[in-house]
Amino acid sequence: MPVTPLHYPFAFLISKSDTRLSLPALVVGSVMPDIEVPLMWIFFSSLPDHLFLHSLIGAATIGTLLTVLVTRFLYTPIISTIFQVDRIELGEICRITPWLVVSSFIGVMSHLILDFPMHWYNPILWPWVDPYTIVGPLVLLFMPTYSFWEAYNIASALTHIAMIVLWMVILVKIYSKGNLWFRHWVSDYSKR
Ligand SMILES: [Zn+2]
């Protein structure tokens, strides 16, 4: 995984592809699969720390459901409190609609898409295919020249750098348009 918050820029970019998509649901979905990591460490330390929520089946079901619930019930109080975004307006946008559910699904999938190339094992086809047999293509790309762990570290570093740069570009662009936190957390299609 890239450090979990670094999934944000990709979610924001996806939100630009269709005005009906919910940025809050995309953002929540984009980080949701990583909640299993600490849980796996604590309760299932003999298993890989990326497993159920990093599989297509787990992400599409429980991952999407959790995203819908968190977006509906937790996103508004947390974001409006920390970033002073209008609570009523945000609450209205976080109501459960078909597009919010679609956005939740896409958000969770965006996490898997970003993790996949740079990760040294991938449970995307779990429980049918052993996660350790699916090495990310970006890791494979560097493996002829470097050791397995070096290749993984390079793939990981490149992904992190790309996301940090992308996030900085996003911040500069939305800052220049005004109403920064609303655009960052609610919608870049601000009426104001
Ligand atoms: Zn992850």
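The notes below deal with the structure included here. Worth saying up front: this structure is predicted, and the values here are computed from it rather than measured.

Here we take up the nonpolar core. Formed by 21 residues in total, the largest nonpolar core has its most connected members in Tyr8, Tyr75, Leu90 and Trp185. The leading source of residues in this core is helix H8 (residues 148–177), at four residues. Once residues within four sequence positions are removed from consideration, Tyr8 is found in contact with Leu23, Val27, Ser30, Trp167, His184 and Trp185. Within the second largest apolar cluster, seven residues are counted, among which are Val135, Val139, Phe142 and Ala151.

Taking 1.5 Å per residue as the helical rise, helix H4 (residues 56–83) with its 28 residues ought to reach 40 Å, whereas the 33 Å between its terminal C-alpha atoms falls clearly short. Its maximal kink placed at Leu74, H4 deviates by approximately 50°, while the proline Pro77 follows within four residues. Those residues of H4 not exposed but buried are Gly58, Ala59, Gly63, Thr64, Thr67, Val68, Thr71, Tyr75, Thr76, Ile79 and Ser80. At its buried positions, H4 is contacted by helix H2 (23–31), helix H5 (87–93), helix H6 (98–118) and helix H9 (180–185). Immediately downstream of H4, the backbone of Gln84 shows phi near 55°, a positive value.

Let us look at the coordination of the zinc ion. Listed as protein donors to the zinc ion are Asp34 (OD), His54 (NE2), His111 (NE2) and Asp115 (OD); their distances from the metal cover 2.1 to 2.2 Å. Sequence positions of the residues that donate to the zinc ion give the spacing D-x19-H-x56-H-x3-D. A residue pair is termed long-range when its members are at least 10 positions apart, and His54 in the loop between helix H3 (36–43) and H4 and Asp115 in helix H6 qualify at 61 residues. The pair formed by His54 and Asp115 is uniform in burial state, with each residue classed as buried.

It is worth spelling out the packing of aromatic side chains at this point. Tallied over the entire structure, the rule returns 15 aromatic pairs. When the centroid spacing of 5.7 Å and the interplanar angle of 35° are considered together, the rings of Trp120 and Tyr132 count as tilted. Here Tyr132 lies in the loop between H6 and helix H7 (137–142) and Trp120 lies in the loop between H6 and H7, a separation of twelve residues in the sequence. Judged by relative accessible area, which is 40%, Tyr132 ranks as partly exposed. Ring geometry for Tyr121 and Tyr132: centres 4.9 Å apart, planes at 50°, overall tilted. One end of the pair, Tyr121, is in the loop between H6 and H7; the other, Tyr132, is in the loop between H6 and H7, and eleven residues separate them in sequence. Taken together, the ring pairs connect Tyr8, Phe12, Tyr75, Phe83, Trp167, Trp181 and Trp185 into an aromatic cluster.

Calculation notes
- Residues numbered from 1 in each chain as written.
- Predicted model: local features only at pLDDT ≥ 70, side-chain atom pairs only at ≥ 80, totals over all residues.
- Heavy atoms only, no water.
- Core = buried A, V, L, I, M, F, W, Y, C linked by side-chain atoms within 4.5 Å.
- Buried < 20%, exposed > 50% of the residue type's maximum accessible area, 1.4 Å probe, protein only.
- Helix = DSSP H or I, 4+ residues; strand = E, 2+ residues; numbered from the N terminus.
- Contact = heavy atoms within 4.5 Å.
- Expected span 1.5 Å × (residues − 1).
- Bend = angle between axes of the 7 residues up to and from the residue.
- Donors = N, O, S within 2.8 Å, 3.2 Å for Na, K, Ca; no water.
- Phe/Tyr/Trp six-rings, centres within 6.5 Å; stacked < 30°, edge-to-face > 60°.

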